[in-house]
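Summary of the model geometry
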Amino acid sequence: TAATTAAATSSIATASAAQTVDGSIAEVSHFLDAIRPGWAWKFAATFEDFGLETVEDLREAPQYELEDVLNRLMSQAKAGPAHLRRIRGALAELRGDSEAAAASQQQQQQQEEEQQQE
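Just so it is clear, the structure is predicted and the values come from calculations on it, not from any experiment. (Residues numbered from 1 in each chain as written. Predicted model: local features only at pLDDT ≥ 70, side-chain atom pairs only at ≥ 80, totals over all residues. Heavy atoms only, no water.)

1. What about the overall build of the chain?
Test applied: Under the DSSP-based scheme used, a helix requires at least four consecutive residues in state H or I and a strand at least two consecutive residues in state E, with every element numbered from the N terminus. Residue burial is assigned from relative accessible area. The probe radius is 1.4 Å, only protein chains are included, and a residue is buried under 20% of its type maximum, exposed over 50%, and partly exposed in between. By the convention used here, residues are in contact when the closest approach between their heavy atoms is within 4.5 Å.
The helix and strand inventory of the chain stands at seven helices and zero strands. Tracing the chain from N to C terminus, the helices and strands come up as α-α-α-α-α-α-α. Looking at the 118 residues of the chain, the share that counts as buried comes to 35%. Once local pairs closer than 6 in sequence are excluded, the contacts in the chain between residues at least 24 apart make up 54%.

Set out below in structure tokens:
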């Protein structure tokens, strides 16, 4: 629903801050758990294998590198299309690509509406 999407977007924006309250750099695990609790446990190691350990790393990484991470998530970490769509949208939002983030959210909403109609 739109409310769920707005709440998730707000959580991601909050977790995406470059620094945590104590001044330390926010880790990728915080970013992933802000998308959905438990996702750090499932997916953080794959990001770290690529040297992407902080939110700042995610902001600065070239797009092709992020695509490599997403491909590995799918092939080795068993991430499904819904996982990848949400992670891709959160990355786009984090990196300031509002057009890609909006497209990801719209696709997610369409799929949720289709599931409700079934």
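2. Description of the packing of aromatic side chains
Quick note on the threshold: Stacked, tilted and edge-to-face are the three classes assigned to paired rings of Phe, Tyr and Trp, where Trp is represented by its six-membered ring and a pair needs centres within 6.5 Å; plane angles under 30 degrees give stacked, over 60 edge-to-face, the rest tilted.
Per the counting criterion, the structure on display carries one aromatic pair. Ring geometry for tryptophan 39 versus phenylalanine 43: centroids 5.7 Å apart, planes at 80°, classification edge-to-face. With tryptophan 39 and phenylalanine 43 both in helix α3 (residues 39-49) and four residues apart, this pair spans about one turn of that helix. Assigned by exposure class, tryptophan 39 and phenylalanine 43 land together as buried.

3. Observations concerning the nonpolar core
Keep this limit in mind: The definition of a nonpolar core used throughout is a set of buried Ala, Val, Leu, Ile, Met, Phe, Trp, Tyr and Cys residues joined through side-chain atoms within 4.5 Å.
Within the largest apolar cluster, 24 residues are counted, with the highest numbers of intra-cluster contacts made by Phe31, Leu32, Phe47, Leu58, Leu73 and Ile87. Secondary structure elements with two or more residues in this core: α2 (28-35), α3, α4 (55-60), α5 (63-76) and α6 (81-94). Residues within four places of leucine 32 in sequence aside, it is in contact with Trp39, Ala40, Phe43, Ala44, Phe47 and Ile87.

4. As for the confidence of the model for the chain
This is how it is decided: What pLDDT conveys is the predictor's confidence in a given residue, as a value from 0 to 100.
Residues of the chain with pLDDT of at least 70 account for 62%, and the chain-wide mean is 78. For the stretch residues 1-7, pLDDT sits under 50, and the model shows five contacts to residues farther than four places along the chain or on other chains. In this model, residues 13-24 is a region of pLDDT below 50 whose contacts with residues beyond four sequence positions or in other chains number 21 contacts.

5. Details of the packing of α3 against α5
The test is simple: Geometry is summarised by axes, namely lines fitted to C-alpha atoms with helices restricted to the contacting stretch, and by angles between N-to-C directions that run from 0 to 180 degrees. Convention used here: angles under 35 degrees read as roughly parallel, angles over 145 as roughly antiparallel, angles from 65 to 115 as roughly perpendicular, and any remaining angle as oblique. Take the far helix as the reference: if the near one is turned anticlockwise from it by less than a right angle, the crossing is left-handed, and if turned clockwise, right-handed. Here the nonpolar group is Ala, Val, Leu, Ile, Met, Phe, Trp, Tyr, Cys and Pro; Asp, Glu, Lys and Arg are the charged ones; every other residue, Gly included, is treated as polar.
Axis separation between α3 and α5 bottoms out at 10 Å; the angle between their running directions is 135°. Judged on the interaxial angle alone, α5 and α3 are oblique. Seen along the crossing, α3 lies across α5 with a hand that is right-handed. Across the interface between the two elements, Phe43, Thr46, Phe47 and Asp49 from α3 touch Val69, Arg72 and Leu73 from α5. Residue classes in the contact of α3 with α5 are distributed as four nonpolar, one polar and two charged.

6. Describing a negative patch on the surface
For clarity, the threshold we go by: Candidates for patches are residues over 30% relative accessible area with no salt bridge; among them, like charges are joined within 9 Å and nonpolar side chains (Val, Leu, Ile, Met, Phe, Trp, Tyr) within 5 Å. Computed with the Shrake-Rupley method and a 1.4 Å probe, the accessible areas treat only the protein chains shown as cover for residues. Salt-bridge detection follows one rule: a side-chain nitrogen of Lys or Arg within 4 Å of a carboxyl oxygen of Asp or Glu. Under the convention used here, Asp and Glu are negative, Lys and Arg are positive, and both His and the chain ends fall outside the count. Where a charge lies is defined by one atom per residue type: Lys uses NZ, Arg uses CZ, Asp uses CG and Glu uses CD.
Where like charges cluster on the molecular surface, the negative patch consists of Glu27, Glu48, Asp49 and Glu53. Mapped onto the secondary structure, glutamate 27 falls in the loop between α1 (2-15) and α2.

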